[in-house]
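Remarks on the overall topology
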Amino acid sequence: NELKTELSRRLESLSVFVSGLYAYARGDFDEATTRFETAAAAESWPDGSGKEVVLLFLGNAYARRPEPDFQLATDAYEQSLKLAPGYSRAMLGLAEVKRLVASGCDRSSDAVEQSCCAQTIDIPGVLSAVDLYLEASLAPRQAAMADVPVKASLGLGHSYVCLSVATLDLPAPTAVDYQAEARK
């Protein structure tokens, strides 16, 4: 009977997490955040049993909400890394949040889709993101089909563009600029 109770509690936590994944896939990041917070707080989901994945998705959801909370996203990624040091996907999430914060862009501006906003770049913050992208690309724990090296390379590209803009005092290229260059 005790085993049945424990399995039932674990199944309940897993179903909350899966419903969070469904909300996340639909783009309902507020609902996903609520579900992932519930799953992460569940006593039936002990540390060391995949909870780092719940925390990864919680960080992702915080960062993608209509009103993102980068501090809560950072906290979730750091908790994930505390449970699973070297977890490359959590490193990528943390790097991305650090880059976005350091880029100096207002989250609501079109410049977020670029690499940075030249007037307010935090160069040490961008360099911290670069270190995390490099660490993630070399991390031993690479989830299958997660494309960590590709995502890390993309993040590095955004970071290097931002650093170039910061040191040259030029406007960041737009998506149209990238597309025009790709057609050449």
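Residues numbered from 1 in each chain as written. Predicted model: local features only at pLDDT ≥ 70, side-chain atom pairs only at ≥ 80, totals over all residues. Heavy atoms only, no water.

Each aromatic ring pair is described using two quantities: the centre-to-centre distance and the angle formed by the ring planes. Counting across every chain of the model gives six aromatic pairs. Residues Phe 17 and Phe 36 carry aromatic rings whose centres are separated by 5.5 Å and whose planes lie at 45° to one another, so their mutual orientation is tilted. Placement of the pair is Phe 17 in helix H1 (residues 2-26) and Phe 36 in helix H2 (residues 29-41), with a sequence separation of 19 residues. Both residues of the pair, Phe 17 and Phe 36, count as buried. Taking 6.0 Å as the distance between ring centres and 70° as the angle between the ring planes, the aromatic pair formed by Phe 17 and Phe 57 counts as edge-to-face. Highlighted residues: Phe 17 in helix H1 and Phe 57 in helix H3 (residues 51-64), separated in sequence by 40 residues. Each member of the aromatic cluster is reached from another via a ring pair, and the members are Phe 17, Tyr 24, Phe 29, Phe 36 and Phe 57. (Phe/Tyr/Trp six-rings, centres within 6.5 Å; stacked < 30°, edge-to-face > 60°. Helix = DSSP H or I, 4+ residues; strand = E, 2+ residues; numbered from the N terminus. Buried < 20%, exposed > 50% of the residue type's maximum accessible area, 1.4 Å probe, protein only.)

In this section: the pattern of salt bridges. Counted according to the given criterion, the structure contains four salt bridges. A salt bridge links Asp 28 to Arg 26, with the nearest nitrogen and oxygen atoms 3.3 Å apart. Overall, the relative accessible area of 29% leaves Asp 28 in the partly exposed class. When its relative accessible area of 46% is taken as the criterion, Arg 26 is described as partly exposed. Two residues, Glu 31 and Arg 35, come together in a salt bridge whose shortest N-O distance is 2.7 Å. Placement of the pair is Glu 31 and Arg 35 together in helix H2, with a separation of four residues, close to one helical turn. (Salt bridge = Lys/Arg side-chain N within 4 Å of Asp/Glu carboxyl O.)

In the contact formed by H3 and helix H4 (residues 70-83), the axes pass within 8 Å of each other and the chain directions differ by 165°. With respect to each other, H3 and H4 are oriented roughly antiparallel. Here H3 and H4 pass one another in a crossing that is left-handed. Together, Lys 51, Glu 52, Leu 55, Leu 56, Leu 58, Gly 59, Asn 60, Tyr 62, Ala 63 and Arg 64 of H3 and Phe 70, Leu 72, Ala 73, Ala 76, Tyr 77, Gln 79, Ser 80 and Leu 83 of H4 make up the contact between the two elements. Here the contact of H3 with H4 is composed, by residue class, of eleven nonpolar, four polar and three charged. (Axes fitted to C-alpha atoms, helices over the stretch in contact; angles between N-to-C directions. Parallel < 35°, antiparallel > 145°, perpendicular 65-115°, else oblique. Left-handed = near helix turned anticlockwise from the far one by under 90°. Contact = heavy atoms within 4.5 Å. Nonpolar A, V, L, I, M, F, W, Y, C, P; charged D, E, K, R; others polar.)

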